[in-house]
There are 2 protein chains.
Amino acid sequence: MSKAGDLTPGQYRDLAEFRRQIRRFLHFSEATAKEHGIEARQHQLLLAVHGLPEGANPTIREIASRLFIQHHSAVELVNRLELAGAIVRRPGARDRREVWVRLTPAGRAILRKLALAHRTELERSGPELAQSLNSVLRHSRRAMAS
Amino acid sequence: MSKAGDLTPGQYRDLAEFRRQIRRFLHFSEATAKEHGIEARQHQLLLAVHGLPEGANPTIREIASRLFIQHHSAVELVNRLELAGAIVRRPGARDRREVWVRLTPAGRAILRKLALAHRTELERSGPELAQSLNSVLRHSRRAMAS
DNA sequence: CACATTTGTATCGTATCACGATCTATTATG
DNA sequence: CATAATAGATCGTGATACGATACAAATGTG
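Residues numbered from 1 in each chain as written. Chains lettered and ligands numbered in written order. Predicted model: local features only at pLDDT ≥ 70, side-chain atom pairs only at ≥ 80, totals over all residues. Heavy atoms only, no water.

Trainee: Go over the nonpolar core with me, naming the residues and quoting the values.
Mentor: Ranked by size, the top nonpolar core spans 76 residues in total, and within it Phe18(A) and Phe18(B) carry the most contacts. Residue contacts for Phe18(B): discarding those within four places in its chain leaves Phe25(A), Leu122(A), Leu129(A), Leu129(B), Ser132(B), Leu133(B) and Val136(B). (Core = buried A, V, L, I, M, F, W, Y, C linked by side-chain atoms within 4.5 Å. Buried < 20%, exposed > 50% of the residue type's maximum accessible area, 1.4 Å probe, protein only. Contact = heavy atoms within 4.5 Å.)

Trainee: I'd like a rundown of the protein's contact with DNA strand D, residues and numbers included.
Mentor: If you check the shell around DNA strand D, you find 25 residues, and the closest are Glu39(A), Arg41(A), His72(A), Arg80(A) and Arg97(B). Counted by atom, the contact set of DNA strand D within 4 Å of the protein is 66% sugar and phosphate. A distance of 3.1 Å separates a phosphate oxygen of DNA strand D from a polar atom in the side chain of Gln42(A). Ranked by residues supplied to the surface near DNA strand D, first place goes to helix H4 (residues 71–83) of chain A with five residues. Within the surface near DNA strand D, the residues separate by chemical class into five nonpolar, seven polar and 13 charged. (Near = heavy atom within 4 Å. Polar contact = N/O pair within 3.5 Å; in protein donor to acceptor, adjacent residues only side chain to side chain. Helix = DSSP H or I, 4+ residues; strand = E, 2+ residues; numbered from the N terminus. Nonpolar A, V, L, I, M, F, W, Y, C, P; charged D, E, K, R; others polar.)

Trainee: Outline the interface of chain A and chain B, supporting the account with residue identities and numerical values.
Mentor: Accessible area lost during the coming together of the parts is what is often quoted as the interface size. Each partner contributes to the interface: chain A provides 53 residues, whereas chain B provides 53 residues. Taken over both partners, the interface formed by chain A and chain B buries close to 5000 Å², and the fraction arising from carbon and sulfur atoms is 61%. A per-residue breakdown of the area chain A buries against chain B is headed by Arg19(A), Phe68(A) and Arg119(A), which together make up 16% of the total. The tally of links between chain A and chain B comes to four salt bridges. For the salt bridge of Asp6(A) with Arg112(B), the shortest nitrogen-to-oxygen distance reads 2.7 Å. Our enumeration of links across chain A and chain B arrives at six residue pairs in polar contact (both at pLDDT 80 or more). Contributing elements (two or more residues each) for the side of chain A that touches chain B: helix H1 (9–35), helix H2 (40–50), helix H3 (60–67), helix H5 (105–138) and helix H6 (141–145) of chain A. A breakdown of the residues in the side of chain A that touches chain B according to their chemical character gives 25 nonpolar, 13 polar and 15 charged. (Buried area = accessible area lost by both parts, 1.4 Å probe. Salt bridge = Lys/Arg side-chain N within 4 Å of Asp/Glu carboxyl O.)

Trainee: Please provide a residue-by-residue account of empty space enclosed by the protein, values included.
Mentor: Scanning the model with the defined rule gives five cavities of 30 Å³ or more in all. Of the pockets and cavities examined, the largest cavity occupies roughly 50 Å³. Along its surface, the largest cavity is lined by Phe25(A), His43(A), Leu47(A), Ala115(A), His118(A), Leu122(A), Leu15(B), Phe18(B) and Arg19(B). Where the lining of the largest cavity is concerned, the elements lending two or more residues are H2 and H5 of chain A together with helix H1 (9–35) of chain B. Class assignment of the residues belonging to the lining of the largest cavity gives a composition of six nonpolar, two polar and one charged. (1 Å grid on protein atoms, 1.4 Å probe; cavity = no way out; pocket = protein on both sides within 12 Å on 5 of 7 lines; lining within 4 Å. Points joined across faces, edges and corners; volume = space filled by probe spheres on them.)

Trainee: Tell me about the protein's contact with DNA strand C, and please be specific about residues and values.
Mentor: Lining the immediate surroundings of DNA strand C are 25 residues, of which His71(A), Val99(A), Glu39(B), Arg41(B) and Arg80(B) lie closest. Counting only the atoms of DNA strand C within 4 Å of the protein, the fraction contributed by sugar and phosphate is 61%. Arg96(B) places a main-chain nitrogen or oxygen 3.0 Å from a phosphate oxygen of DNA strand C. In the model, a base oxygen of DNA strand C is placed 3.1 Å from a nitrogen or oxygen of the Arg97(B) side chain. Taken together, the elements giving at least two residues each to the surface near DNA strand C come down to H3 and H4 of chain A together with helix H2 (40–50) and helix H4 (71–83) of chain B. Residues belonging to the surface near DNA strand C are distributed by class as follows: five nonpolar, seven polar and 13 charged.

Structure follows, in structure tokens:
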């Protein structure tokens with residue numbers, strides 16, 4: 001309750017710098033997505049669908065779970081992406097309540113360009129991000145105690 | 001234009017997993033901030049102000065720059081935080097166009113709790129995040145070429 | 001097999017947030 | 001001093017997320 005749980009100014013700065021690195025990456029991602037005609041969240045949905053682990057089905061629920069959003073938020077994203085022509089809905093083959101989402105060729109083309117841009121950006125700024133995370137962990141309670 | 005810039009399914013999965021790790025952390029951050037009565041962005045502003053590097057002044061513009069948002073977006077965040085009692089505005093001493101933002105004791109108390117929670121979460125999930133980033137970089141173009 | 005329950009998706013209303021455009025106040029400059 | 005540049009603030013709009021609610025298909029129960 002007392003000093004044990006407190007944070008030094010340096011630790012606040014470490015946390016702030018880590019968040020700044022994350023924000024920097026997300027800001028790049030938002031700007032790049034918009035340059036390619038979609039919103040950042042829509043890009044993330046495309047990536048989540050196309051980067052689904054083997055055996056996972058691209059249903060609304062599965063996507064929502066992987067994006068850590070509610071299913072109806074995923075519905076709205078899918079609506080906008082369908083309108084933009086990046087994906088199509090297909091009724092589930094077995095369970096006809098389900099909707100399977102598939103990328104259109106246009107959607108795949110956008111995702112490919114964005115993925116390349118993000119990979120390049122991560123090559124550039126990833127190390128900084130990793131280092132800011134390390135600073136937080138290095139100066140954290142457990143690291144200090146050990 | 002051809003194969004050189006293309007991505008394998010595994011690389012899409014690496015990118016998707018990295019984004020998932022980031023989303024996981026941000027989702028934790030959003031939920032935790034809300035539990036403490038503020039929004040995620042407002043928390044980030046508090047952290048940015050309190051974790052400012054030595055010598056940097058907590059003006060609206062400086063804050064906006066560190067959060068990678070436009071100055072008027074920062075104004076809105078400051079409005080809501082002032083309403084919530086977490087910060088106060090002070091007119092700039094030298095340049096009276098400036099507004100310096102200071103955390104109130106209540107704001108510091110919230111930020112402290114959130115910083116502790118985030119540190120704990122990063123101790124828990126930080127390594128996974130770092131590893132997913134490494135996977136992207138390890139399998140990236142330059143790493144392959146070298 | 002009829003019917004209640006569960007599950008998957010969709011719709012509606014509301015709040016936060018970000019932005020562009022525009023405005024005011026203060027400071028700097030020619 | 002007139003004008004330009006800078007720091008904030010305000011307004012309107014669009015994307016997003018959520019809770020509450022609705023509906024349709026599948027599943028469980030008597």
